[in-house]
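As a plain string of letters, each chain reads:
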Amino acid sequence: MTVDLDDFEDAEDLAALLGLPEQLPALHVPPLDELAVTARESALLRRVGALATWVGERREVTEDGDLTGPDTAEAAERLGVGQAELLLCWEVALATDLVVVSEDGEADANPDLWSTGDDQEDLGTWTAAFTQVLPSLEIDAELAGEEDLDFGALGSLVLPMFLIRTLGVPVAELREMAREIATEHLEDDVAWDGWVAAHGDPAAVLLARLAEHGAVEVEEDVARLTPLGLLAMREELVEGGIDIPLLPPLADMTATDLLSAVGGLTDDELTELTDAWLGRAQADERAAAELLAAAAQAHPEARLHATTVLGDVPGTPWESVLDDEALRAYALVALDRELAPADVAWLVVDLVAATADQLGAYDATAVPELFGAVVPEGLGEEVLAVAWRLPHPETFEVLTLIGNHHPDKQVAKAARTAAHKARSAG
């Protein structure tokens, strides 16, 4: 799906437009003072600051508020950039108020606005510049007189990078996404191939600009948003109505905060954060109980993480949650007690549900392995016979998935029957 960046501001329901849930995993970034220090190293804003200094006071501009022809040539030479990069710097200068154009057709500079030394203000300026870089390929298209290719939505390439966080996206995939977006309305790739031959790959150009600004880093042909880039994208999405919690410092982090990050961190990052949280809280005997309580209210992937971690924590009060429908099965496993068919069914549904990605798609390939690991051999039909009664919010979806993907025909049939009963029961 092609999403123009203007849609981020105009959409009444951005989550529906992007096909995302209304809440995404919490974001874990360094403290704002550290981010501000990094932001001040932006090569783009350094260049914009130099442009603002050159503009000075009462410099004449065109009716459209742009630099005149002679000034464009002089500024490009002074900054050592081409016309497209100069125009990007000009747009950033205007967006950040480093340059202000009056109604009288004169430009005045405010070079003291970058940088100010105020963390919040400088991060705001950095983010404003980031939003100008995202649609900057439209400048290239306009200068080249390109009218066939649609570069308006190429800035949305940062969205998959945000969703996958620090894992990053292969540059080759981003290039293919860019081609599909730009040529979606065309019958062939002739215009695209011609553009790449003459101007280079658009995705590579955009990534280079974002990297120069400190928003992206590319390593071994994998592109990742930096913490600054992640924070800026979060602001864009939050303004569109998508809930993305920002994790507080470790000293202030609750168990609910911790579990809200599940799905947004790699396994190693999540393990490191959880170990740090438990290490901070280990002197508090209530820590395990707090994490259990948070797990009961969490989504399946977060619940699985919490119960797995607590399985190795001495003193976890498993007995206290035997009456909790979301945790009973995990408690029985931890206490090494026998599970009833309904308990096994809960584990099956919860574990399969935990494979869902941020778009809600389950990993169908994991069904046979997870089912076999949880359900004793020969008891599949008995477990599925009671599964439809579970109060789990994803019972129908998981049973349907098992019915469509389990290799045992009898198990698959029992799952489809249970799914039908679950749907009929509402």
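Heads up: these notes are all about the structure in this document. (Residues numbered from 1 in each chain as written. Predicted model: local features only at pLDDT ≥ 70, side-chain atom pairs only at ≥ 80, totals over all residues. Heavy atoms only, no water.)

**Notes on a negative patch on the surface**
Then, in step 1: On the surface, a cluster of negative charge is contributed by Glu-138, Glu-142, Asp-150, Glu-180 and Glu-184.
Then, in step 2: Examined against the element boundaries, Asp-150 turns out to sit in the loop between helix 8 (137–144) and helix 9 (158–164). (Patch = residues over 30% accessible without salt bridge, like charges linked within 9 Å, V, L, I, M, F, W, Y side chains within 5 Å. Areas by Shrake-Rupley, 256 points an atom, 1.4 Å probe, with all protein chains shown as cover. Salt bridge = Lys/Arg side-chain N within 4 Å of Asp/Glu carboxyl O. Lys, Arg positive; Asp, Glu negative; His and termini not counted. Charge placed at Lys NZ, Arg CZ, Asp CG, Glu CD. Helix = DSSP H or I, 4+ residues; strand = E, 2+ residues; numbered from the N terminus.)

**Some thoughts on the environment of Glu-180**
Then, in step 1: In this fold, Glu-180 is placed in helix 10 (residues 171–183).
Then, in step 2: For Glu-180, a relative accessible area of 44% gives the class partly exposed.
Then, in step 3: Sequence separation between Glu-180 and Ala-93 is 87 residues, and the spatial gap between their C-alpha atoms is 31 Å. (Buried < 20%, exposed > 50% of the residue type's maximum accessible area, 1.4 Å probe, protein only.)

**What about helix 8?**
Every α-helix winds through 3.6 residues per turn, so residues three or four apart in the chain are directed the same way.
Then, in step 1: For helix 8, the complete set of buried residues consists of Leu-137, Ile-139, Asp-140 and Ala-141.
Then, in step 2: Those residues of helix 8 hidden inside the fold are in contact with helix 6 (83–95), helix 11 (190–199) and helix 12 (202–213). (Contact = heavy atoms within 4.5 Å.)

**Here's the deal with empty space enclosed by the protein**
Then, in step 1: In the structure shown here, the tally under the stated rule is one cavity of 30 Å³ or more.
Then, in step 2: Counted as a void, the largest cavity has a volume near 40 Å³.
Then, in step 3: Surrounding the largest cavity, Leu-123, Trp-126, Thr-127, Leu-228, Leu-231, Ala-232 and Glu-235 form its lining.
Then, in step 4: Among the secondary structure elements, those contributing two or more residues to the lining of the largest cavity are helix 7 (119–133) and helix 13 (227–239).
Then, in step 5: A per-class count over the lining of the largest cavity returns five nonpolar, one polar and one charged. (1 Å grid on protein atoms, 1.4 Å probe; cavity = no way out; pocket = protein on both sides within 12 Å on 5 of 7 lines; lining within 4 Å. Points joined across faces, edges and corners; volume = space filled by probe spheres on them. Nonpolar A, V, L, I, M, F, W, Y, C, P; charged D, E, K, R; others polar.)

**Thoughts on the pattern of salt bridges**
Then, in step 1: All told, the structure shown has 14 salt bridges when counted by the stated rule.
Then, in step 2: In this structure, the salt-bridge partner of Glu-106 is Arg-58, at a minimum N-O distance of 3.2 Å. With Glu-106 in strand 3 (residues 106–109) and Arg-58 in the loop between helix 4 (43–55) and strand 1 (59–60), this pair connects stretches of sequence that are 48 residues apart.
Then, in step 3: Residue classification places Glu-106 among the partly exposed residues on the basis of a relative accessible area of 22%.

**What to know about the packing of helix 4 against helix 6**
Then, in step 1: Relative orientation of the contacting elements helix 4 and helix 6 amounts to 80 degrees, with a least axis distance of 9 Å. On the basis of their axis angle, the class for helix 4 and helix 6 is roughly perpendicular. In this structure, helix 4 contributes Leu-44, Leu-45, Arg-47, Val-48, Leu-51 and Val-55 to the contact, and helix 6 contributes Leu-86, Leu-88, Cys-89, Trp-90, Val-92 and Ala-93.
Then, in step 2: Considered class by class, the residues forming the contact of helix 4 with helix 6 number 11 nonpolar, no polar and one charged. (Axes fitted to C-alpha atoms, helices over the stretch in contact; angles between N-to-C directions. Parallel < 35°, antiparallel > 145°, perpendicular 65-115°, else oblique.)

**Focus on unusual backbone geometry**
Then, in step 1: Omega for the peptide link from Trp-114 to Ser-115 comes to -10 degrees, which places this bond in the cis form.
Then, in step 2: Of note, Ser-115 is situated in the loop between strand 3 and helix 7.
Then, in step 3: One non-glycine residue, Arg-165, lies in positive phi territory at about 55 degrees.
Then, in step 4: For Arg-165, the position within the fold is in the loop between helix 9 and strand 4 (169–170).

**Section: the sheet that holds strand 1**
Adjacent strands of a sheet pair through backbone hydrogen bonds, lying either parallel or antiparallel.
Then, in step 1: Ordered by their spatial adjacency, three strands build an open sheet running 1-3-2, and the pairing between neighbours is antiparallel. In the strand order of this sheet, the two ends are held by strand 1 and strand 2 (99–101), each with one partner.
Then, in step 2: In terms of strand pairing, strand 1 meets strand 3 through two bridges, oriented antiparallel. Within strand 3, the residue paired with Arg-59 across the bridge is Ala-107.
Then, in step 3: Those strands touched by helix 4 are strand 1, strand 2 and strand 3, and its axis lies near 120 degrees from that of strand 3. (Pairing = 2+ DSSP bridges.)

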